[in-house]
Amino acid sequence: MNRARKEILGRLKRIVIKIGSGVISTAEGLDEVMLSRLAEDICDLREQGIEVILVSSGAVAAGRSSLGIGGRPQTIPQKQAAAAIGQPRIMRAYKEVFTRRNRVAAQVLLTRDDLSNRRRYLNAHNTLDTLIEYGVTPIVNENDTVVVEEIRFGDNDNLSALVASLMAADLLLILSDVDGFYSGDPGCDKNAQLLPLIERMTPEIEAMAGTSRGSLGTGGMQTKVQAAQKAGLAGVPTLIVNGRVAGILTQVVEGGDVGSLFLASSSKLNARKRWIALSMQPNGRILLDEGAVRAVAEAGKSLLPTGIVSVDGEFGRGDAVHICDRNAVPFAIGVANYTCSELEQIKGHRCAEIEQILGYQYRDEAVYRDNLVLIRDAAEELEA
Ligand code: GLU
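All values derive from a computational prediction rather than experimental measurement.

The next subject is the overall build of the protein. For the protein, the helix and strand inventory stands at 16 helices and 15 strands. For 384 residues, the compact-globule estimate of 2.2 N^0.38 gives 21 Å, and the C-alpha radius of gyration of the protein, at 22 Å, lies within 12% of that figure. Seen through its principal axes, the protein has C-alpha atoms that stretch 70 × 45 × 40 Å. With 384 residues in all, the protein has 52% of them scored as buried. Once local pairs closer than 6 in sequence are excluded, the contacts in the protein between residues at least 24 apart make up 74%. Summing over all exposed atoms, the protein offers an accessible surface of approximately 16,600 Å²; the carbon and sulfur share of this is 48%.

In C-alpha cells form, the structure reads like this:
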C-alpha cells in the first residue's frame, strides 16, 4: 500500500462520508436496499470507534415520484418540493437501520448562508460536536426547501467539503457510483485510467475533472474534484470510491487500494482560517502588483494598500475578498479591513497617507495576515 494512503487511512478518528444520489437511488426512487447496507456499514464503523458525520443526498430522488415526475425535476421549486417530500423518507430509512443497531441518527439541514455567517457556523459546529459527543450520527443535507440560487451549495459535494472543514475531519470520503477519478471517460476513451493518488491539484487535474466520467448525481466528477480541492485547502484529504461496491467502507478503513485519494494541499489550518477559506463568500476582488503578490504569497506578509493596483466588487469592512494578481487570477482569500470605496481611494498609497486621504485610519493593513488564506500557489503564475 502506498505510504500516504496508509498514513491517512490507518488512523481515522473522524470522517465525513458523503453519499451521492446516484448511490442510493434508482430511476424509480430511493434504493432502500443500498441505503440500508451503507447505514449498516456506518454503524460498523461507529462500533470500531470511528466518528462519522454523514452527508446524504437522495431527498429529491426519494420525493419526485410523489410529484409524478419521472426524470429529474426541471425547476428549482419542483426540486424543493420533491426534497421536502423525500427528506423524511431518507431519514426514516436511515433511522430504521440505526434503531435496529441501537444507535441514534440526527437530521441536520444547512444552507450556504448558515456557514458563511460566523455565529451560525459556530452554532452548527457546536451542535454537530455535541451530537458526536453523545454517540449520535449526524445526517446532513442541504436545506433545499428554503434556499434560492445565491445561497445554495448547489451540490452536496461542496457541502460535504465544508462540513469536513467545519468538523476538522481526518478524511472526506465521497461515495459515488463510479470507481474513482479517471483521466478521461473510459466509456469513449480506451486510455482513460483510474488515478489512485492525486498528490497536488494542478490545472491538468482540474481540466481532467471536466472530461472524467462523472456519476449520475448532481455535479458529476467536477464538483467532486472541487470538493477535494476545498477540503484539501482546509487540510482534509479526500477519497472518492464507488459506494455501490459491497463492503466498500470496510475496505477504506482497512486501507484497501480502492478509489482515488486526493492529498490535502496544506496542513490543517486553524479553525478561523478554515472558515475564511471555505465558508465566507468573497464579494469582491483586490488586484495586486508583482511586489505585493510576492510579499503576500511568499513572504507571509499582510496586504498593504500600497501594493493594490485595482479593486472591484461591492464589499464592506469585514467582508471576504479574493486577492488576485494583476491578471485577476485569485491566489488568496482574505477579510478586508476597508470597504471597496475606501480601498479605491487609498490604493497605491503608503500607510502614512491613509489618514490624510480618508480623514481616519483603521489599520495599516488592507488585509491583515491572520485574516488571509492562500488558496493557490502564486509563485507558478509569477514565473509564467
Ligand atoms: N440535496 C439534494 C438531495 O438531497 C442533493 C444535492 C446533491 O446531490 O448534490 O436530493
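That shown, we press on.
The next thing to look at is the sheet that holds strand 5 (residues 105-110). On the basis of which strands lie adjacent, the open sheet formed by eight strands has the order 5-6-4-1-7-9-10-8 and mixed pairing. Two strands bound the open sheet, and with one partner strand each, they are strand 5 and strand 8 (197-198).

Among the six residues of strand 7 (residues 171-176), six are classified as buried, and the element is accordingly described as predominantly covered. Two elements, strand 1 (residues 14-19) and strand 7, share five bridges in a ladder whose sense is parallel. Bridged to Ile 19 within strand 7 is Leu 175. Bridge count between strand 7 and strand 9 (residues 238-242): five bridges; the pairing is parallel.

What follows is about the side chain of Asp 31. Here Asp 31 shows up in the loop between strand 3 (29-30) and helix 3 (32-47). A distance of 3.2 Å separates a polar atom in the side chain of Asp 31 from the backbone nitrogen of Met 34. A distance of 3.1 Å separates a polar atom in the side chain of Asp 31 from a polar atom in the side chain of Arg 244. The residues contacting Asp 31, other than those within four sequence positions of it, are Ile 24, Ser 25, Thr 26 and Arg 244.

This part is about the environment of Leu 12. Its location among the elements puts Leu 12 in the loop between helix 1 (3-10) and strand 1. A C-alpha to C-alpha distance of 7.4 Å links Leu 12 and Val 253, two positions 241 residues apart in sequence. Setting aside its immediate chain neighbours within four residues, Leu 12 contacts Ile 50, Asp 170, Leu 171 and Val 253.

Let's shift gears to the site of the ligand. Among the ten residues in the neighbourhood of the ligand, the closest are listed as Ser 57, Val 60, Asn 141, Asp 144 and Asn 156. Within the side chain of Asn 141, one N or O atom sits 2.8 Å away from an oxygen atom of the ligand. Asp 144 places a side-chain nitrogen or oxygen 2.9 Å from a nitrogen atom of the ligand. Class assignment of the residues belonging to the shell around the ligand gives a composition of two nonpolar, six polar and two charged.

Counted as a void, the largest pocket has a volume near 1,000 Å³. Along the wall of the largest pocket there are 36 residues; nearest its centre are Gln 229, Leu 233, Ser 265, Ile 375 and Arg 376. Of all the secondary-structure elements, those providing two or more residues to the lining of the largest pocket are helix 9 (203-211), helix 10 (220-233), helix 12 (271-279), strand 14 (330-336), strand 15 (367-374) and helix 16 (378-383). When residues of the lining of the largest pocket are assigned to their parent elements, the largest contribution, six residues, is made by helix 10.

Glancing now at the confidence of the model for the protein. On average, residues of the protein carry a pLDDT of 90, and 94% of them reach 70 or more. Overall, residues 379-384 carries pLDDT values under 50, and its contacts beyond four positions in sequence, including any with other chains, amount to nine contacts.

Our next topic: unusual backbone geometry. It is generally the case that most residues other than glycine have a negative phi and that most peptide bonds are trans. Positive phi outside glycine occurs at Asn 102, with the angle close to 60 degrees. Secondary-structure assignment places Asn 102 in the loop between helix 5 (76-100) and strand 5. Classification of Asn 102 by relative accessible area gives exposed; the value is 74%. If you check the backbone angles, Ala 328 has positive phi at about 70 degrees while not being a glycine. Positionally, Ala 328 belongs in the loop between strand 13 (320-324) and strand 14.

Sheet architecture is open: five strands sit in the order 12-11-13-14-15, paired in mixed fashion. One side of each edge strand has no neighbouring strand; the edge strands of this open sheet are strand 12 (308-313) and strand 15. For this sheet, the mean angle separating the axes of adjacent strands, direction not counted, is 30 degrees. Pairing of strand 11 (residues 284-288) with strand 13 involves three bridges; the strand directions are parallel.

The residue Ile 53 is located in strand 4 (residues 51-56) in this model. For Ile 53, a relative accessible area of 0% gives the class buried. Sequence separation between Ile 53 and Leu 109 is 56 residues, and the spatial gap between their C-alpha atoms is 13 Å.

Attention now goes to the pattern of salt bridges. By the definition in use, this model includes 19 salt bridges. Two residues, Glu 7 and Arg 3, come together in a salt bridge whose shortest N-O distance is 3.4 Å. Placement of both Glu 7 and Arg 3 in helix 1 is noted, with a separation of four residues, approximately one turn of the helix. On the basis of relative accessible area, Glu 7 is assigned to the partly exposed category, the value being 38%. Of the charged contacts in the structure, one is a salt bridge between Glu 344 and Lys 347, with a shortest N-O distance of 2.6 Å. A relative accessible area of 25% means that Lys 347 is categorised as partly exposed. One connected set of salt bridges, linked through shared partners, spans Glu 40, Asp 44, Glu 47, Arg 100, Arg 101 and Arg 103.

Rules behind the numbers
- Residues numbered from 1 in each chain as written.
- Predicted model: local features only at pLDDT ≥ 70, side-chain atom pairs only at ≥ 80, totals over all residues.
- Heavy atoms only, no water.
- Helix = DSSP H or I, 4+ residues; strand = E, 2+ residues; numbered from the N terminus.
- Rg over C-alpha atoms; globule rule 2.2 N^0.38 Å.
- Buried < 20%, exposed > 50% of the residue type's maximum accessible area, 1.4 Å probe, protein only.
- Contact = heavy atoms within 4.5 Å.
- Areas by Shrake-Rupley, 256 points an atom, 1.4 Å probe, with all protein chains shown as cover.
- Pairing = 2+ DSSP bridges.
- Polar contact = N/O pair within 3.5 Å; in protein donor to acceptor, adjacent residues only side chain to side chain.
- Near = heavy atom within 4 Å.
- Nonpolar A, V, L, I, M, F, W, Y, C, P; charged D, E, K, R; others polar.
- 1 Å grid on protein atoms, 1.4 Å probe; cavity = no way out; pocket = protein on both sides within 12 Å on 5 of 7 lines; lining within 4 Å.
- Points joined across faces, edges and corners; volume = space filled by probe spheres on them.
- pLDDT = per-residue confidence, 0-100.
- Axes fitted to C-alpha atoms, helices over the stretch in contact; angles between N-to-C directions.
- Salt bridge = Lys/Arg side-chain N within 4 Å of Asp/Glu carboxyl O.

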